[in-house]
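# Secondary and tertiary structure notes
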Amino acid sequence: MRIDVVTIFPGYTEPLGLSLVGKAVRDGRLDLRVHDLRDWTEDRHRTVDDTPVGGGAGMVMRPDVWGAALDDLVTADSHVLLPSPAGRVLDQSLVEALAAEPHLVIACGRYEGIDARVAEHYAQAARLTEVSLGDYVVNGGEVAALAIVEAVARLLPGVVGNPQSLVEESHADGLLEYPVYTRPPVWRGREVPAVLLSGHHGQIARWRRDQALRRTAARRPDLLARLDPATLDEADRAALADLDGADGLVDPSG
Ligand code: JF5
């Protein structure tokens, strides 16, 4: 898969050279190209922004500079991603869809954002999705680009060494992960749950599933509400019914 990132801060993407994503690039599984938006400016000062029409605070990124950059990078295969607090909130189902694309172009805005005509134009001339990392504001799209590239790259074949890790992880089945433990069996007086030391693989699997259900109900009831009922078996339904009044159910909103 190919991913182009366009930013005025190419150095922001340096962590992508580390760890599993860096290895995916070196192994040729991910063709990652980072571009400096200023390479598409024409003036001596390499200007990418201008004052907002109609007035107001801050600066807006110029459509002509973004248009020149995206015209050079976007092809018939491309899916343009525009990080924005007004976008679709990134979740694992969107990440999975993006990992199936041959080419992503991530356009990192700064200042008060990119002139709105750029998103309009590429939504029409190509495929474009505005993507949010969540309901908070950062100073530019680069943090979102890092999150998107890492979340997508780890789904590419061969990037995560043990494919079972992808199956068992948080959100893979719409539930939060069960708690995990390693040695020692007692740490500061806290014991590893006895069932995990029992050697009964069936009981361990059931306990983990119950923990995942409990944790999701306690911490992310919104996820539980969106669960496909077909993914729940009889034992799951019994576990959930048992949760009414169970301890550990804390409303995260206080
Ligand atoms: C951004 C112009 C993008 O702040 C964000 C963001 C929040 N959730 N997801 C993304 O994007 C940064 C700032 C200014 C475009």
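This write-up is about the structure you can find in this document. (Residues numbered from 1 in each chain as written. Predicted model: local features only at pLDDT ≥ 70, side-chain atom pairs only at ≥ 80, totals over all residues. Heavy atoms only, no water.)

In this section: the site of the ligand. Taken together, 14 residues surround the ligand, and among them Leu133, Gly134, Tyr136, Val138 and Gly140 come closest. Contact between the ligand and Leu133: a nitrogen atom at 2.7 Å from a main-chain N or O atom of the residue. A distance of 3.0 Å is found between an oxygen atom of the ligand and a backbone nitrogen or oxygen belonging to Val138. In the complex, the protein chains occlude 93% of the 370 Å² of accessible area that the ligand would expose alone. Here the shell around the ligand is built from residues that sort into seven nonpolar, seven polar and no charged. (Near = heavy atom within 4 Å. Polar contact = N/O pair within 3.5 Å; in protein donor to acceptor, adjacent residues only side chain to side chain. Areas by Shrake-Rupley, 256 points an atom, 1.4 Å probe, with all protein chains shown as cover. Nonpolar A, V, L, I, M, F, W, Y, C, P; charged D, E, K, R; others polar.)

Tallied over the entire structure, the rule returns 17 salt bridges. The salt bridge involving Arg33 is made with Asp31; its shortest N-O contact spans 2.6 Å. By relative accessible area, Asp31 is classed as partly exposed at 31%. Members of the salt-bridge network, linked through shared partners, are Asp173, Arg206, Arg209, Asp210, Asp233 and Asp236. (Salt bridge = Lys/Arg side-chain N within 4 Å of Asp/Glu carboxyl O. Buried < 20%, exposed > 50% of the residue type's maximum accessible area, 1.4 Å probe, protein only.)

A few words on the pairing of strand 1 (residues 2-7). Consecutive side chains of a regular strand alternate in pointing toward one face of the sheet and then the other. Among the six residues in strand 1, five count as buried, and that is most of the element. Taking the sense of rotation as the criterion, the β-α-β connection linking strand 1, helix 1 (residues 19-26) and strand 2 (residues 31-36) turns out right-handed. (Helix = DSSP H or I, 4+ residues; strand = E, 2+ residues; numbered from the N terminus. Right-handed = clockwise from strand over helix to strand, strands pointing away.)

Relative to the elements of secondary structure, Leu166 occurs in helix 6 (residues 163-168). Each C-alpha atom of the pair Leu166 and Arg154 lies 8.5 Å from the other, and the pair is twelve residues apart in sequence. Those residues in contact with Leu166 that lie beyond four places of it in its chain are Arg154, Leu155, Val160 and Ala172. (Contact = heavy atoms within 4.5 Å.)

Take the side chain of Thr7 next. If you trace the backbone, Thr7 turns up in strand 1. Residue Thr7 is classed as buried on the basis of its relative accessible area, which comes to 0%.

By definition, the strands of a sheet pair up through backbone hydrogen bonds, in either a parallel or an antiparallel sense. Pairing in this open sheet of five strands is parallel, and the strands run 2-1-6-5-7 from one edge to the other. Every other strand in the sheet has two partners, leaving strand 2 and strand 7 (127-132) as the edge strands with one partner each. Adjacent strand axes in the sheet meet at a mean angle of 25°, parallel and antiparallel pairs treated alike. As paired strands, strand 1 and strand 6 (residues 103-107) are joined by five bridges and run parallel to one another. By the bridge assignment, Ile3 is partnered in strand 6 with Leu104. (Pairing = 2+ DSSP bridges. Axes fitted to C-alpha atoms, helices over the stretch in contact; angles between N-to-C directions.)

Moving on: the side chain of Arg209. Mapped onto the secondary structure, Arg209 falls in helix 7 (residues 201-219). At 3.2 Å, the side chain of Arg209 and the backbone oxygen of Thr231 are in polar contact. Look past the residues within four positions of Arg209 in its chain and what remains in contact with it is Asp173, Leu175, Thr231, Leu232 and Asp236.

The next point concerns the packing of helix 3 (residues 92-99) against helix 5 (residues 142-153). At their nearest, the axes of helix 3 and helix 5 sit 9 Å apart, and the two run at 70° to each other. Looking at the two axes, helix 3 sits roughly perpendicular to helix 5. Seen from helix 3, the contacting residues are Val95, Leu98 and Ala99; seen from helix 5, they are Ile148, Ala151 and Val152. Of the residues belonging to the contact of helix 3 with helix 5, the class tally is six nonpolar, no polar and no charged. (Parallel < 35°, antiparallel > 145°, perpendicular 65-115°, else oblique.)

End to end, helix 5 covers 16 Å across twelve residues, agreeing with the expected 16 Å (1.5 Å per residue, within 8%). Burial analysis of helix 5 places nine of its twelve residues in the buried class, the great majority of the element. Those residues of helix 5 lying buried are Glu142, Ala144, Ala145, Leu146, Ile148, Val149, Ala151, Val152 and Ala153. (Expected span 1.5 Å × (residues − 1).)

Attention shifts here to the packing of helix 7 against helix 9 (residues 234-242). Where helix 7 meets helix 9, the axes come as close as 10 Å, and the angle between the chain directions of the two elements is 50°. Our classification of the angle between helix 7 and helix 9 gives oblique. Read as a crossing pair, helix 7 and helix 9 show a hand that is right-handed. Along its contact with helix 7, which presents Arg206, Arg209, Asp210 and Leu213, the element helix 9 presents Ala235, Asp236, Ala239 and Leu240. (Left-handed = near helix turned anticlockwise from the far one by under 90°.)

A cluster of nonpolar residues, Phe9, Tyr12, Tyr136, Val138 and Val143, forms a patch on the protein surface that exposes about 430 Å² of accessible area. A relative accessible area of 38% places Val138 in the partly exposed class. (Patch = residues over 30% accessible without salt bridge, like charges linked within 9 Å, V, L, I, M, F, W, Y side chains within 5 Å.)

This part takes up the environment of Leu82. In this fold, Leu82 is placed in strand 5 (residues 78-89). A relative accessible area of 8% means that Leu82 is categorised as buried. Measuring from C-alpha to C-alpha, the distance between Leu82 and Thr129 comes to 6.2 Å, with 47 residues separating the pair along the chain. Those residues in contact with Leu82, other than ones at most four positions away along the chain, are Ala107, Ile114, Leu128, Thr129, Glu130 and Val131.

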